[in-house]
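# Coordinates in review
Okay, here's what each chain looks like letter by letter:
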Amino acid sequence: AQTVTQSQPEMSVQEAETVTLSCTYDTSESDYYLFWYKQPPSRQMILVIRQEAYKQQNATENRFSVNFQKAAKSFSLKISDSQLGDAAMYFCAYQGGGADGLTFGKGTHLIIQP
Amino acid sequence: DTAVSQTPKYLVTQMGNDKSIKCEQNLGHDTMYWYKQDSKKFLKIMFSYNNKELIINETVPNRFSPKSPDKAHLNLHINSLELGDSAVYFCASSHNRPRQGSSYGYTFGSGTRLTVV
């Protein structure tokens, strides 16, 4: 079974600085997707960024980018120019090659210091 | 135009009661899911339905039963509610296969906070 590990229960960063959230996963599949979801206090699950395993290029979405290391099974999220609105729980998630459900990590609580 | 809508958003009920949470999606997705988020924020899949067939059934108590009248709906029925069932329940939907440029198109509802007293 696939597992997703987020080793940082909580991270804190000053506004306008850069922060990196780590995620590792374990799988025997070669075709899969990885996601970062943001969950603010409103509890809505918001897709931040996704990465297809077959793509070597790291995904980017404005201030959000990933460092995808397939051999190391690592998928970290970098948030540049942190903003107060970035404060939330961040979940790393794995989707296998079939239409299975997402496997989530335990989340990282990101605090933005003004 | 809400893509995945679930009702109610909040549900407070007594132990032993039977309750249902409804979910509807208007995205034309083939698969729908139910996830449970516990008090520690951990999200875990409970069920998924693909073309009216249950394709994932994690080790959840049989007091929980998904019901899918059609491809756009997946309701969650819970019998004999227990204190430990208190959690946030999320409905989600996706395509069966990834679509070019959009992967599986996973979309979540806004969640139902269930409190059993």
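Structure: see above.
Residues numbered from 1 in each chain as written. Chains lettered and ligands numbered in written order. Predicted model: local features only at pLDDT ≥ 70, side-chain atom pairs only at ≥ 80, totals over all residues. Heavy atoms only, no water.

## Side note on empty space enclosed by the protein
Unoccupied space between atoms shows up once a probe the size of one water molecule is rolled over them. Residue and element names in this part refer to chain B. Applying the stated rule across the entire model yields 1 cavity of 30 Å³ or more. Looking at the largest cavity, its volume works out to about 30 Å³. Lining the largest cavity are D30, T31, M32, Y49, N50, N51, K52, S68, K71 and H73. Going through the elements one at a time, β4 (31-37) and β5 (43-50) are the ones with two or more residues in the lining of the largest cavity. (1 Å grid on protein atoms, 1.4 Å probe; cavity = no way out; pocket = protein on both sides within 12 Å on 5 of 7 lines; lining within 4 Å. Points joined across faces, edges and corners; volume = space filled by probe spheres on them. Helix = DSSP H or I, 4+ residues; strand = E, 2+ residues; numbered from the N terminus.)

## Some points on the interface of chain B and chain A
Taken residue by residue, the interface counts 28 residues in chain B and 21 residues in chain A. A combined buried area of about 1,900 Å² lies between chain B and chain A, and 57% of that area is made up of carbon and sulfur atoms. Considering only the surface of chain B that becomes buried against chain A, B:Y104, B:Y106 and B:F108 emerge as the three largest contributors, covering 29% of it. The interface formed by chain B and chain A includes 0 salt bridges. Among the elements of the structure, β4, β5, β6 (53-57), β9 (87-94) and β11 (112-116) of chain B are those that each provide at least two residues to the side of chain B that touches chain A. A total of 4 residues in the side of chain B that touches chain A trace back to one element, the largest contributor, which is β4(B). When the residues that make up the side of chain B that touches chain A are grouped by side-chain class, the tally is 14 nonpolar, 11 polar and 3 charged. (Contact = heavy atoms within 4.5 Å. Buried area = accessible area lost by both parts, 1.4 Å probe. Salt bridge = Lys/Arg side-chain N within 4 Å of Asp/Glu carboxyl O. Nonpolar A, V, L, I, M, F, W, Y, C, P; charged D, E, K, R; others polar.)

## Notes on the sheet that holds strand β1 (residues 4-7) of chain B
Residues and elements named next belong to chain B. Strands sit in the order β1-β3-β8-β7 across an open sheet of 4 strands; the sheet is antiparallel. Two strands in the sheet have a free side with no partner beyond their single neighbour: β1 and β7 (64-70). Across this sheet, the average inter-strand angle for adjacent strands is 20°, counted without regard to direction. (Pairing = 2+ DSSP bridges. Axes fitted to C-alpha atoms, helices over the stretch in contact; angles between N-to-C directions.)

## Side note on the layout of surface pockets
Counted as a void, the largest pocket has a volume near 410 Å³. Around the largest pocket, the lining is made up of 19 residues, and of these A:Q2, A:L102, A:T103, B:I45 and B:E58 lie nearest the centre. Within the residue set of the lining of the largest pocket, elements represented by two or more residues are β1 (3-5) and β11 (103-104) of chain A together with β5 of chain B. Per-element tally for the lining of the largest pocket: the top contributor is β5(B), with 3 residues. Along the lines of polarity and charge, the residues of the lining of the largest pocket split into 9 nonpolar, 6 polar and 4 charged. When its volume is computed, the second largest pocket comes out at roughly 200 Å³. Taken together, 13 residues make up the lining of the second largest pocket; nearest its centre are B:K36, B:K44, B:I45, B:M46 and B:V60. Mapped by element, the contributors of at least two residues to the lining of the second largest pocket are β4 and β5 of chain B.

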